[in-house]
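Observations on chain architecture
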Amino acid sequence: MPKAQETVLEIDLKALKHNFKHLKSKLNNSTKFLAVVKAFGYGSDAIEIAKYLQDLDADYFAVAYANEGVDLRKAGITAPILVLHPLTSNFKTILEHCLEPSIYNHKVLSEFIEVAIEENQTAYPVHIKFNTGLNRLGFSKNDVNQVVSKLMATSSVRVTSIFSHLAASEDLNEKAFTLNQIETFKTISENFIEAIGYKPILHTCNTSGILNYPEAHFDMVRSGIGLYGFGNSEKENKNLIPIASLKTVISQIHKIEKGESVGYNRAYKSDGGLKTATLPIGHADGIGRQYGNEKGYVTINGKQAPILGNVCMDMIMVNVTNIDCKEGDEVIVFDAKATAENLAQTTGTISYELITGISQRVKRIFFR
Ligand SMILES: *Cc1c(COP(=O)(O)O)cnc(C)c1O
């Protein structure tokens, strides 16, 4: 790979393929694979990721919001797209672009049916979401009969799937809780299928669910973070490859004397003999202020350089006193070795937040 000459997010599509194959290897042949590409494909690029996975025969895609699905359709994605969190104001858009809504409460169900009838739809695919313990979105198990009677009263929609979402699939200390969620989902599914008279696709596992609860794969699994290279545990991380590398360059090197300070609010004071490098990446690019004041670091010529003082909007200054480096040298913020997960941990957050926060200002480069 050529050395970075500006701030770039490199996306390794070979690594994506590896992760996809690895996750698929955990499934039965008949289990469908839904690739979650919400939030710009976890900060990488939803369109490129979806195109690549569509060519690898991913069965389904999911986004959080309707507009994300519209972007995929405009880019030529023809596979079914589940919209996990549609809002009633998006229903016309959803129909226009053949997106498939998650239906999570009575208001959404009634209003979607209304719009589907208005638009002369028959058997329009919808997905019914049940809450089994996350307490975020979804009908409760007591809603089954009411939901089914609303559905049976119309031919405008048809249930393609019923699903739920696990609250703690990555946390084996919560195994009893998760197994209870899975049991609840089974009971709901049985009641639902009996009441409606046909069998939709059943799904409840996210990435950690795939890895930790093979008995709960049902007919389909939904993977996001695993595709992007993180398995939420040291053991699982070994089998996956982070697909995104955030790189930048050294813009300027300074020698800082004793008593001088670095950056806004003079947050770092030098004891002398300090060498700093200024880098063209800041909180507007996704490196939040919490990484400042020597919590976070970057890697330069194989060595860690802590971030000094406050993170600026467009820049950070790092300590390179003991690093042999010069202006123009490449800097690794995170890559497959110095991972986003490790950097995220320095501020008590998780890989998901760091990678989805890399702003659209940062140029994306793809490697096949
Ligand atoms: C984001 C999301 C996923 C993907 O979860 P990962 O942990 O990234 O695999 C799956 N299902 C739902 C409902 C989600 O919101």
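Residues numbered from 1 in each chain as written. Predicted model: local features only at pLDDT ≥ 70, side-chain atom pairs only at ≥ 80, totals over all residues. Heavy atoms only, no water.

Moving on: the UniProt feature "active site" (unreviewed entry) in the protein. The feature "active site" (unreviewed entry), as annotated in UniProt, sits at K38 and Y264 in this numbering. These annotated residues cover 227 residues of sequence, and their C-alpha atoms reach 34.9 Å apart at the extreme, placing them across more than a single site. On the secondary structure map, K38 appears in helix α2 (residues 38-43). Not counting chain neighbours up to four residues away, the residues in contact with K38 comprise A62, V63, A64, E68 and L84. One can find Y264 in the loop between β12 (261-262) and β13 (268-269). Judged by its relative accessible area of 55%, Y264 falls in the exposed class. With residues up to four places along the chain from it excluded, the contact list for Y264 reads N310 and C312. (UniProt positions renumbered as here; feature names shortened; annotations may be inferred. Helix = DSSP H or I, 4+ residues; strand = E, 2+ residues; numbered from the N terminus. Contact = heavy atoms within 4.5 Å. Buried < 20%, exposed > 50% of the residue type's maximum accessible area, 1.4 Å probe, protein only.)

A word on the pattern of salt bridges. Using the criterion set out here, one finds 11 salt bridges in the structure. One salt bridge in this structure joins R368 and E48, with 3.3 Å as the shortest N-O distance. Residue R368 is found in the segment after β19 (363-367), and its partner E48 is found in helix α3 (residues 46-55); the two are separated by 320 residues along the sequence. The exposure class of R368 is exposed, given its relative accessible area of 63%. A salt bridge links R361 to D314; its shortest N-O distance comes to 3.0 Å. (Salt bridge = Lys/Arg side-chain N within 4 Å of Asp/Glu carboxyl O.)

K38, Y42, T207, I225 and Y352 are the nearest of the 13 residues found near the ligand. Note that an oxygen atom of the ligand is positioned 2.7 Å from one of the side-chain N or O atoms of K38. One of the side-chain N or O atoms of Y352 is found 2.7 Å from an oxygen atom in the ligand. If you list the elements that add at least two residues to the shell around the ligand, you get α2 and β9 (220-223). The residue inventory of the shell around the ligand, partitioned by class, reads 5 nonpolar, 5 polar and 3 charged. (Near = heavy atom within 4 Å. Polar contact = N/O pair within 3.5 Å; in protein donor to acceptor, adjacent residues only side chain to side chain. Nonpolar A, V, L, I, M, F, W, Y, C, P; charged D, E, K, R; others polar.)

This part covers the packing of aromatic side chains. With the rule as written, the count across this model stands at 8 aromatic pairs. Relative to Y352, the ring of Y42 lies with its centre 6.1 Å away and its plane at 40°, an arrangement referred to as tilted. Of the two residues, Y42 is situated in helix α2 and Y352 in helix α12 (residues 351-356); the sequence distance between them amounts to 310 residues. Taking 5.7 Å as the distance between ring centres and 50° as the angle between the ring planes, the aromatic pair formed by F112 and Y124 counts as tilted. You can see F112 sitting in helix α6 (residues 106-118) and its partner Y124 sitting in strand β6 (residues 124-129), a full 12 residues away along the chain. Neither F112 nor Y124 differs from the other in exposure class; each is buried. Through a chain of ring-to-ring contacts, the aromatic side chains of Y42, Y228 and Y352 assemble into a single cluster. R158 extends its terminal NZ or CZ atom over the ring of Y198, reaching a point 3.8 Å from the ring centre. (Phe/Tyr/Trp six-rings, centres within 6.5 Å; stacked < 30°, edge-to-face > 60°. Lys NZ or Arg CZ within 6 Å of the ring centre and 35° of its normal.)

What follows is about α6. Relative to the 18 Å expected for 13 residues at 1.5 Å per residue, α6 spans 18 Å between its end C-alpha atoms, a close match to the ideal helical length. The elements touched by buried residues of α6 are α5 (91-96), β5 (100-103), β6, α7 (144-152) and β7 (157-163). One side-chain oxygen at the N-terminal end of α6 lies 3.3 Å from the backbone nitrogen of K107; it belongs to N105. Just downstream of α6, N120 is the residue with a positive phi angle, here 55°. (Expected span 1.5 Å × (residues − 1).)

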